[in-house]
Amino acid sequence: MLRIYQNTYRRTARKAVVYSTKVACCNHSTLCRITSHPRRPQDNGSSSSNGNHQRHEEFLLAGNPARGWQMPPPSRGYGMLVVRILRGALKLRYLVLGGAIGGGVSLSKKYEDWKDGLPDFKWLEDAMPQGERWSQFSRNLIEVGSLVKNAIDVDPKLKQLGEDKLSEWRSWFDSRLDDAIEAADYQGVQIVETKDDLKAKTTVAALGITSDESRKKYEKLQSQVETLQTEIMNVQIKYQKELEKMEKENRELRQQYLILKTNKKTTAKKIKKSLIDMYSEVLDELSGYDTGYTMADHLPRVVVVGDQSSGKTSVLESIAKARIFPRGSGEMMTRAPVKVTLAEGPYHVAQFRDSDREYDLTKESDLQELRRDVELRMRASVRGGKTVSNEVISMTVKGPGLQRMVLVDLPGIISTMTVDMASDTKDSIHQMTKHYMSNPNAIILCIQDGSVDAERSNVTDLVMQCDPLGRRTIFVLTKVDLAEELADPDRIRKILSGKLFPMKALGYYAVVTGRGRKDDNIDAIRQYEEDFFKNSKLFHRRGVIMPHQVTSRNLSLAVSDRFWKMVRETIEQQADAFKATRFNLETEWKNNFPRLRESGRDELFDKAKGEILDEVVTLSQISAKKWDDALNSKLWEKLSNYVFETIYLPAAQSGSQNSFNTMVDIKLRQWAEQALPAKSVEAGWEALQLEFISLMERSKKTQDHDGIFDQLKSAVVDEAIRRHSWEDKAIDMLRVIQLNTLEDRFVHDKQEWDSAVKFLETSVNAKLVQTEETLAQMFGPGQLRRLTHWQYLTQDQQKRRGVKNELDKILKNDTKHLPTLTHDELTTVRKNLQRDNVDVDTDYIRQTWFPVYRKHFLQQALQRAKDCRKAYYLYTQQGAECEISCSDVVLFWRIQQVIKITGNALRQQVINREARRLDKEIKAVLDEFSDDEEKKGYLLTGKRVLLAEELIKVRQIQEKLEEFINSLNQEK
């Protein structure tokens, strides 16, 4: 950037000086050509003189166009010569002065252009503080700089190289700028010296003014450049430090990678898995098999129990040498069992069982993320309004110097529940704690808060119930730094000697797990613990405590030693117990399912998935005729009610054939533009759904059908159908096709005419059956049915029958009656009924009239259809003026054509697009179900599945136990 600024300024200064000089000289030469004495043209004159003479003649002729050029008289000529010299001298003064000023203006303009080209540094004014804030900021920067200078040793070679480079740039810039100014001054003076003295002095004076202004602006610009140099150097130093930091981290990461790579190869050669990892996998498998921890699970583990806020989680963190659990002020944080497997390793890392991510426990950022993830997993495990959960959160912690063991941190025991807890929280914690401690091979790590009264302890009574002899209990007194200030020394001595509590234990330990600061790391806590026990007067007094009973380190060694001793003593017995369980399950399977292989839930799901996808492939192999029949049937089912109620019946009851055709055309077009395409798509989707379901039902009737998949298949199909939707562009395509089809009003041949007549008769008969069913419900059973089935008419049905008799008389007198009753007809019916002591209102009569007239009209429509069956040729000759009214046949022919065309389009859409899209939906649903263990357990159930799952799980546990025992014996 500095190089660009130097070159730009040097070129600008040089061009400005030369430009001003050329302007002055150009003005002077022009003046000389205009004011010089004209010479006669000569033959041997040069081309330039001839040109000047010619231009001079043109100039004079332009001044006097009437005469041209003539030699003036001698006396008059001398006078004119003097006048011209004076005039030229006066013009020269103004021209020289104007040239000098023009050069200065040009130089100023060039400078302004160059200044505009510089980058915009106004953002520095907004970014940097002003006034007192800037002074304070500067002082802080100086202090930071001094600290950094003292903290970091800069390479002397790099520092000397930067200073040399900066001085070299500065000297070069100054020399180049001075050379440019001297060259410009020298050229200006040299040019002017060739002219007369008056002109030279004027030009030098003008150039002197321009040079001073340039020098002032140069000094100002130089100060700006120096400021920019300082800023650039600061930014360069900053990025240099960042670069060195990144290079250092890169070297460290590379070294760690090489160590890990070497360690991985060496470990792979020696042993595939460590003993503690193998044992932890056994417990993980067992936790999924036996969540209640019944007598089938007697494998050793360290169970950490204690009252809430007694420090049990802090004890576990001290053993793991990392603060891995979330914390809260007086709030229940441990809401689910947390199984922590400790193992020795080169790096201090943590990892969840179901995750591949490793958390670096030496970095605070990773520790915060680990604590947050533990809290999220705990809250996610609590469902259904519960406060605690039995779901185990399994994680592994590896690091240098860690003792190998498996610990389970349980929720703290509470004596009082708060309003935000579930009503069964206290009982759930007690039950969970008892389940873990009831394992005869579990090591109980009983945590007691030393800063509170021993009488307030709840955990000691619970531990005494599960381990009355104390053969597998280790007592830990926490917060002894607070107990030293508050408690009586004799009381502490009694606690640590086992004489205060009625419970018994293998050992008693005192630890300090923190200073009450949330931001303390584990190293600071352990150092504080060591310093406390080293300097405490209470614990140095003779007879109070033994040295091996203090610090978390000694506690960790004791727990690990007891854990492995328990493992070696009981693992063979537990392996034999699982062998017996496996034998019993295999025997039960052979007795109940002798011809079937024990297939787990995952294997059964994969098999069901294959069968479902095979049915989807079969869907695309259905014949075109079958698709057409299914689609046409579903289309008419969806459209028939609209055709009758909105189009056919209102038009047919209008009274004239012309109005019938006009009304039909209007309503058909409105229908095709609005509701028909969407209804057609809906019918197509339902037809596709019915065909797919029918395929699934037919597969159940095959010999190799397995009914265990039925519930799963139904759930997958229902979910896929619920998600699937027809493509939107199909509606627009159908709209165009249907509008074009309905425009055709002429039946083309006799076969289509007969088909339309049959379609009309079938549709009217179906509607007539529905109407008769309505009438049967309204008027009650007939006389024969009443006699044979011992049925009676209600009072309302008797009234309806009376009204019907009167209405039948009206229709008998006027077979072409309109669909509505007149006021006179209503009055007549009421009066006739009143004579029979039946009192009804007009609405009651109209309700009865509607189905009665509907039946009458449909019967007439059937008769017209029979008459039109043989009237095709008459229709082709007379058209709309045919003696027999067959407009309803033409209407149903148009409806039939629309159904055929629409069904054909839907069939192509189903085969080419929708079947494939349904296949994708089903695959997506199957993939989701495969990841949802709870849903798979609900959909694939029964004795066969449960027995197979239990047998597979016990077999896996027993095999892992044998592998662990073999490795344990090799280590011995």
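Residues numbered from 1 in each chain as written. Predicted model: local features only at pLDDT ≥ 70, side-chain atom pairs only at ≥ 80, totals over all residues. Heavy atoms only, no water.

## What to know about the overall build of the protein chain
Here comes step 1: Per the secondary structure count, the protein chain includes 31 helices and nine strands.
Here comes step 2: Considering only contacts in the protein chain between residues 6 or more positions apart, those separated by 24 or more positions represent 79%.
Here comes step 3: Just so you have it, the protein chain exposes about 56,500 Å², and 51% of that area is on carbon and sulfur atoms. (Helix = DSSP H or I, 4+ residues; strand = E, 2+ residues; numbered from the N terminus. Contact = heavy atoms within 4.5 Å. Areas by Shrake-Rupley, 256 points an atom, 1.4 Å probe, with all protein chains shown as cover.)

## A look at the packing of helix α20 (residues 675-699) against helix α21 (residues 710-723)
Each pair of packed helices can be summarised by the angle the axes make with each other and by the distance between the axes.
Here comes step 1: Where α20 contacts α21, the axes come no closer than 12 Å and their chain directions differ by 170 degrees. In terms of their interaxial angle, α20 and α21 are classed as roughly antiparallel. Every residue of α21 that contacts α20 at Trp-685, Gln-689, Phe-692, Ile-693 and Met-696 is listed here: Lys-713, Val-717 and Ile-721.
Here comes step 2: Broken down by class, the residue content of the contact of α20 with α21 amounts to six nonpolar, one polar and one charged. (Axes fitted to C-alpha atoms, helices over the stretch in contact; angles between N-to-C directions. Parallel < 35°, antiparallel > 145°, perpendicular 65-115°, else oblique. Nonpolar A, V, L, I, M, F, W, Y, C, P; charged D, E, K, R; others polar.)

## Focus: the sheet that holds strand β5 (residues 393-399)
Here comes step 1: Pairing is mixed across the open sheet formed by nine strands, whose spatial order is β4-β3-β5-β2-β6-β1-β7-β8-β9. Every interior strand has two partners, whereas the edge strands, β4 (359-360) and β9 (507-510), have only one.
Here comes step 2: Here strand β2 (residues 338-344) pairs with β5 via seven bridges, running parallel. When the sheet's bridge partners are listed, Leu-342 is paired in β5 with Val-397.
Here comes step 3: Each of β1 (302-306), β6 (405-409) and β7 (443-449) is contacted by helix α11 (residues 425-437), which is oriented at about 145 degrees to β1, the strand it contacts most.
Here comes step 4: Along the sheet face, helix α12 (residues 459-466) touches β1, β7 and β8 (473-478) and points at about 160 degrees away from the line of β7. (Pairing = 2+ DSSP bridges.)

## What about the pattern of salt bridges?
When their charged atoms lie close together, side chains carrying opposite charge are able to pair.
Here comes step 1: Overall, the coordinates contain 45 salt bridges when judged by the stated rule.
Here comes step 2: Across the salt bridge formed by Glu-611 and Lys-713, the nearest N and O atoms sit 2.5 Å from each other. Of this pair, Glu-611 sits in helix α17 (residues 601-619) while Lys-713 sits in helix α21, and the two are 102 residues apart along the sequence.
Here comes step 3: Accessibility expressed as a relative area gives 23% for Glu-611, which makes it partly exposed.
Here comes step 4: In this structure, Lys-936 and Glu-933 form a salt bridge, with 3.4 Å as the shortest nitrogen-oxygen distance. In this pair, Lys-936 and Glu-933 both sit in helix α30 (residues 933-939), three residues apart, roughly one turn of the helix.
Here comes step 5: Within the structure, one salt-bridge network assembled from shared partners comprises Asp-665, Arg-669, Glu-673, Glu-743, Arg-745 and Arg-894. (Salt bridge = Lys/Arg side-chain N within 4 Å of Asp/Glu carboxyl O. Buried < 20%, exposed > 50% of the residue type's maximum accessible area, 1.4 Å probe, protein only.)

## Topic: the environment of Glu-529
Here comes step 1: Here Glu-529 is to be found in helix α15 (residues 522-535).
Here comes step 2: Given a relative accessible area of 2%, Glu-529 falls into the buried group.
Here comes step 3: Dropping the residues within four chain positions of it, Glu-529 is found in contact with Val-511, Val-512, Thr-551 and Ser-552.

## What to know about the state of the cysteines
Here comes step 1: A full pass over the atoms with the stated rule returns one disulfide.
Here comes step 2: With a sulfur-sulfur separation of 2.1 Å, Cys-868 is cross-linked through a disulfide to Cys-886. Taking the sign of the S-S torsion, -105 degrees for the link of Cys-868 and Cys-886, the bridge is left-handed. Here Cys-868, found in helix α27 (residues 842-868), pairs with Cys-886, found in the loop between α28 (872-878) and α29 (887-931); they are 18 residues apart in sequence, far enough to count as distant. Accessibility classification places Cys-868 together with Cys-886 in one group, the buried group. (Disulfide = S-S within 2.5 Å.)

## Description of the packing of helix α18 (residues 624-652) against helix α19 (residues 657-673)
Here comes step 1: For the pair α18 and α19, interaxial distance at closest approach is 8 Å and the crossing angle is 150 degrees. Here α19 runs roughly antiparallel to α18, going by the angle between their axes. When you trace α18 past α19, the crossing you get is right-handed. Residues Leu-639, Tyr-642, Val-643, Thr-646, Ile-647, Tyr-648, Pro-650, Ala-651 and Ala-652 of α18 form the contact with α19, whose participating residues are Phe-660, Met-663, Val-664, Lys-667, Leu-668 and Trp-671.
Here comes step 2: Tallied by class, the residues present in the contact of α18 with α19 amount to 13 nonpolar, one polar and one charged. (Left-handed = near helix turned anticlockwise from the far one by under 90°.)

## Focus: the confidence of the model for the protein chain
Here comes step 1: Looking at the protein chain as a whole, its pLDDT mean stands at 75, while 70% of the residues score no less than 70.
Here comes step 2: Put simply, helix α2 (residues 47-63) is where the protein chain has its lowest mean pLDDT, 40, and helix α23 (residues 750-779) is where it has its highest, 91.
Here comes step 3: Counting contacts from residues 1-6, a segment whose pLDDT is below 50, to residues more than four positions away or on other chains yields 14 contacts.
Here comes step 4: Note that pLDDT drops below 50 for residues 15-72; the model gives that stretch 42 contacts with residues more than four away or on any other chain. (pLDDT = per-residue confidence, 0-100.)

## Comments concerning the environment of Leu-951
Here comes step 1: Along the chain, Leu-951 turns up in helix α31 (residues 943-971).
Here comes step 2: In this structure, the C-alpha to C-alpha distance between Leu-951 and Leu-585, residues 366 residues apart in sequence, is 5.9 Å.
Here comes step 3: Apart from residues lying up to four places away in sequence, Leu-951 is in contact with Arg-582, Leu-585, Glu-586, Trp-589 and Glu-598.

## Quick word on the nonpolar core
Here comes step 1: Leu-619, Tyr-648, Trp-753, Leu-807, Leu-891, Ile-895 and Ile-922 are the most contacted members of the largest nonpolar core, which has 100 residues in total.
Here comes step 2: Considering each element in turn, this core owes the most residues, 17 residues, to α29.
Here comes step 3: Look past the residues within four positions of Leu-807 in its chain and what remains in contact with it is Leu-821, Val-829, Ile-845, Thr-848, Trp-849 and Val-852.
Here comes step 4: In terms of nonpolar packing, the next biggest core, distinct from the first, is built from 65 residues, Leu-299, Leu-367, Val-397 and Tyr-509 among them. (Core = buried A, V, L, I, M, F, W, Y, C linked by side-chain atoms within 4.5 Å.)

## Digging into helix α9 (residues 312-320)
Here comes step 1: With nine of nine residues buried, α9 is to be regarded as a mostly interior element.
Here comes step 2: Among all positions in α9, only Lys-312, Thr-313, Ser-314, Val-315, Leu-316, Glu-317, Ser-318, Ile-319 and Ala-320 are buried.

## Comments concerning the packing of aromatic side chains
Here comes step 1: The final tally for this structure, using the stated rule, is 18 aromatic pairs.
Here comes step 2: On the numbers, 5.7 Å between centres and 80 degrees between planes, the contact of Tyr-279 with Phe-563 is edge-to-face. Taken together, the positions of Tyr-279 in helix α8 (residues 275-289) and Phe-563 in helix α16 (residues 552-592) put the pair 284 residues apart, joining distant regions of the chain. Each member of the pair, Tyr-279 together with Phe-563, is buried.
Here comes step 3: The positively charged end of Arg-800 is found above the aromatic ring belonging to Tyr-844, 3.9 Å away from the centroid. (Phe/Tyr/Trp six-rings, centres within 6.5 Å; stacked < 30°, edge-to-face > 60°. Lys NZ or Arg CZ within 6 Å of the ring centre and 35° of its normal.)

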